[in-house]
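So the chains spell out like this:
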Amino acid sequence: MATPAQKTEGQRRYDLIVVGGGMVGASLVRALAGLGLRIAVAEAFPLAAAEQPSYDDRAIALAYGTREVLRGLGLWEALRPAAEPIERIHVSDRGRFGATRLRASDQGVPALGYVVSGHSLGQALLGGLADLPGVDLFCPATFESMRETDHGIEVRLRLEDRPLTLSASLLAAADGRESRVRALLGIGAREWTYGQTALICNLHPAAPQARTAFERFTETGPMALLPMTGGRYGLVWTLEDAQVTALSALDEASFLQRVQQRFGWRLGRFAQAGPRTAYPLRLLLAERSSGPRTLLLGNAAHAVHPITGQGFNLGIRDVACLADLIADARRAQADLGAPQLLAAYEAQRRPDQERIATVTDALVRLFTNPLWPVRMTRALGLTAMDWLPPLKRGLAHRFMGLDRASPRLSRGLPVD
Ligand SMILES: Cc1cc2nc3c(=O)[nH]c(=O)nc-3n(C[C@H](O)[C@H](O)[C@H](O)COP(=O)(O)OP(=O)(O)OC[C@H]3O[C@@H](n4cnc5c(N)ncnc54)[C@H](O)[C@@H]3O)c2cc1C
């Protein structure tokens, strides 16, 4: 890795500056690595640090379409041993008759998706990142501000308490939900808060059902159990804020008992629980995803409720789209920060971002509503879905990320 101290003034001009080395920023860098671009990445946390927010032990469900992108990035083979395929998803409403089962075989794919830990995903994305040709990693370095100049965009970072200025043709902001880049651009966001928190924890059940995920809607909120390698399950339990505080304080045995009460015995007795982490939930959709020579990607543009496990899957589709546009611009020797490129990104990504945000919001409201007519409707909805394969296929394809197949990476192809 080239350290900042080794750089000279002349080396500080880049084609692209990526702010944020989380899942989305790192994916973008990997996607572009073969294009011969000069890329600077600024990340606030040491990438291997335990407090790195993007790569904790949370279970991440990767849609089948995301696997295709990771294949295009040349990362899938390394990640595969840590990825548990989901061949079946059992969706049910606790104490109600409605249930639906999504099966990979009905969709004509080997798996509906795959579950990896954020940690394994981080290892695959970050391994050798700093050694990629043309890539300079500034880490830990904090993005502070940017300004448009006659020839590009100038970005100010703070690195080890020293200011550092870099310039580039384009700034890609993957700096997460609280994006400073978005704030400085004055881009507002539509936000929904739910007064809910997701409690995350990995569990060891006595009778794991291989390759089967469970989404269970309970009176207190939806509970997802995602199969992980080694017979573990990743629990994502969405609860009222106050309940999470109480559950977090329980000892392990009492906590497992509560999970068992809510989930039932389909997986046998839950014997062991890993550390519990709480994530307050809200949904955020930026009013737009671009500013002068700047684009927003991933959580900086949209942060959705984890109920449908769509956040990273949506973010990586931003990456696939932008990588295609940059590769084409590079071939045409065009300016990467040209308004046409920014407009094309906005036009291509907006519908998908809006749709996932809207559908996720609707699902959260539907499945956390305690009123009996709503519960009845959703129970009937789940049953109807089991009887109506085309409806189910539409839902499965949407969440598998298969209905946006045009970018090269989404077809498992590299962009270079
Ligand atoms: C409980 C939970 C479960 C989830 N499950 C799933 C799932 O099953 N499937 C799925 O697809 N998604 C899931 N997600 C969503 C997924 O984790 C996010 O979509 C993903 O982490 C977004 O990545 P990102 O890189 O855009 O943002 P982040 O992960 O937030 O990364 C942003 C990065 O930018 C850095 N940064 C921020 N500010 C600055 C600055 N000023 N200067 C420099 N660096 C900065 C941060 O340090 C960080 O590394 C889940 C999320 C949660 C909370």
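These remarks concern the structure in this document. (Residues numbered from 1 in each chain as written. Predicted model: local features only at pLDDT ≥ 70, side-chain atom pairs only at ≥ 80, totals over all residues. Heavy atoms only, no water.)

1. Section: helix H5 (residues 118-126)
Thinking step 1. Counted residue by residue, H5 has seven buried out of nine residues, so it is predominantly covered.
Thinking step 2. Looking at H5, one finds that the buried residues are Gly118, Ser120, Leu121, Gly122, Ala124, Leu125 and Leu126.
Thinking step 3. The secondary structure elements touched by the buried residues of H5 are helix H1 (23-32), strand E3 (59-63), helix H3 (76-79), strand E7 (113-117) and helix H9 (311-331).
Thinking step 4. Once H5 finishes, Gly128 follows within two positions and takes phi at roughly 75°, a positive value. (Buried < 20%, exposed > 50% of the residue type's maximum accessible area, 1.4 Å probe, protein only. Helix = DSSP H or I, 4+ residues; strand = E, 2+ residues; numbered from the N terminus. Contact = heavy atoms within 4.5 Å.)

2. Let's talk about the side chain of Arg408
Thinking step 1. Here Arg408 shows up in the segment after helix H12 (389-400).
Thinking step 2. Take Arg408: its relative accessible area is 18%, and that puts it in the buried class.
Thinking step 3. One polar contact links Arg408 to Asp328, side chain to side chain, over a distance of 2.7 Å.
Thinking step 4. Look past the residues within four positions of Arg408 in its chain and what remains in contact with it is Asp324, Ala327, Asp328, Arg331, Leu413, Pro414 and Val415. (Polar contact = N/O pair within 3.5 Å; in protein donor to acceptor, adjacent residues only side chain to side chain.)

3. Focus: the pattern of salt bridges
Opposite charge on two side chains allows them to pair when their charged atoms are near.
Thinking step 1. Under the defined criterion, the tally for this structure stands at 25 salt bridges.
Thinking step 2. Residues Arg317 and Asp352 are paired through a salt bridge, measuring 2.7 Å at the closest nitrogen-oxygen approach. On the criterion of sequence distance, the pair formed by Arg317 in helix H9 and Asp352 in helix H10 (residues 339-367) is long-range, its members being 35 residues apart.
Thinking step 3. Arg317 gets classed as buried once you look at its relative accessible area, which sits at 6%.
Thinking step 4. Among the salt bridges present, the one from Asp324 reaches Arg408, with a minimum N-O distance of 2.6 Å. (Salt bridge = Lys/Arg side-chain N within 4 Å of Asp/Glu carboxyl O.)

4. Comments concerning unusual backbone geometry
Thinking step 1. Between Cys139 and Pro140 the backbone carries a cis peptide bond, its omega angle lying at 0°.
Thinking step 2. Within the secondary structure, Pro140 is located in the loop between strand E8 (135-138) and strand E9 (141-148).
Thinking step 3. We note that Arg211 has phi near 60°; this positive angle belongs to a residue other than glycine.
Thinking step 4. With respect to the element layout, Arg211 can be found in the loop between strand E13 (189-205) and strand E14 (212-218).
Thinking step 5. Despite not being glycine, Arg293 has its phi angle at roughly 50°, a positive value.
Thinking step 6. Along the chain, Arg293 falls in the loop between strand E19 (290-291) and strand E20 (294-296).

5. Observations concerning the environment of Leu73
Thinking step 1. Relative to the helices and strands, Leu73 is located in the loop between helix H2 (64-72) and H3.
Thinking step 2. Between the alpha carbons of Leu73 and Ala320 there is a distance of 9.8 Å; along the sequence they are 247 residues apart.
Thinking step 3. Those residues in contact with Leu73 that sit more than four places away from it in its chain are Ser27, Arg30, Ala31 and Leu409.

6. Section: the sheet that holds strand E10 (residues 153-159)
Remark on secondary structure: sheet strands pair via backbone hydrogen bonds, oriented parallel or antiparallel.
Thinking step 1. The strand order E9-E10-E11 describes an open sheet built from three strands, whose pairing is antiparallel. Unpaired on one side and paired on the other, E9 and strand E11 (162-168) mark the two borders of the sheet. Strand-to-strand, the axes of this sheet are offset by a mean angle of 25°, without reference to chain direction.
Thinking step 2. Two elements, E10 and E11, share seven bridges in a ladder whose sense is antiparallel. Of the residues in E11, the one forming a bridge with Glu154 is Ser167. (Pairing = 2+ DSSP bridges. Axes fitted to C-alpha atoms, helices over the stretch in contact; angles between N-to-C directions.)

7. Here's the deal with the packing of H2 against H9
Thinking step 1. H9 packs onto H2 with a crossing angle of 45° between their chain directions and a minimal axis gap of 10 Å. Considered as vectors, H2 and H9 are oriented oblique to each other. Considering only the axes of H2 and H9, their crossing is left-handed. Residues Thr66, Val69 and Leu70 of H2 pack against Phe312, Asn313, Ile316 and Ala320 of H9.
Thinking step 2. Class assignment for the residues of the contact of H2 with H9 results in five nonpolar, two polar and no charged. (Parallel < 35°, antiparallel > 145°, perpendicular 65-115°, else oblique. Left-handed = near helix turned anticlockwise from the far one by under 90°. Nonpolar A, V, L, I, M, F, W, Y, C, P; charged D, E, K, R; others polar.)

8. Things to note about the side chain of Thr238
Thinking step 1. Relative to the assigned elements, Thr238 resides in strand E16 (residues 233-240).
Thinking step 2. A residue is classified by how much of its surface remains accessible, and Thr238, at 2% relative accessible area, is buried.
Thinking step 3. If we ignore the near neighbours within four places in the chain, the residues touching Thr238 are Gln196, Thr197, Ala198, Thr220, Gly221, Pro222, Leu281 and His305.

9. Quick notes on the packing of H1 against H5
Thinking step 1. Direction vectors running N to C along H1 and H5 enclose 30°, while the axes themselves pass 9 Å from each other. Classed by the angle they form, the pair H1 and H5 counts as roughly parallel. Handedness of the H1/H5 crossing: left-handed. Counting all contacts with H1, which are made through Met23, Ala26, Ser27 and Arg30, the residues of H5 involved are Gly118, Leu121, Ala124, Leu125 and Leu126.
Thinking step 2. When the residues that make up the contact of H1 with H5 are grouped by side-chain class, the tally is six nonpolar, two polar and one charged.

10. Notes on the sheet that holds E8
Thinking step 1. Across the sheet, which stays open at both edges, the six strands sit in the order E8-E2-E1-E12-E20-E19 with mixed pairing between neighbours. The strands lining the two open edges of the sheet, one partner per strand, are E8 and E19.
Thinking step 2. The strands touched by H1 within the sheet are strand E1 (16-19), strand E2 (39-42), E8 and strand E12 (170-173), with E1 carrying the most contacts at an inclination of about 155°.

11. Description of the pairing of E13
Thinking step 1. Where E13 meets strand E18 (residues 277-286), nine bridges bridge the pair, whose relative direction is antiparallel. Counterpart to Ala198 in the pairing with E18 is Tyr279.
Thinking step 2. In the sheet, E13 pairs with E16 via eight bridges, with the strands oriented antiparallel. Opposite Leu199, over in E16, you have Trp237 as the bridge partner.

Nothing here speaks to function; it is geometry throughout.
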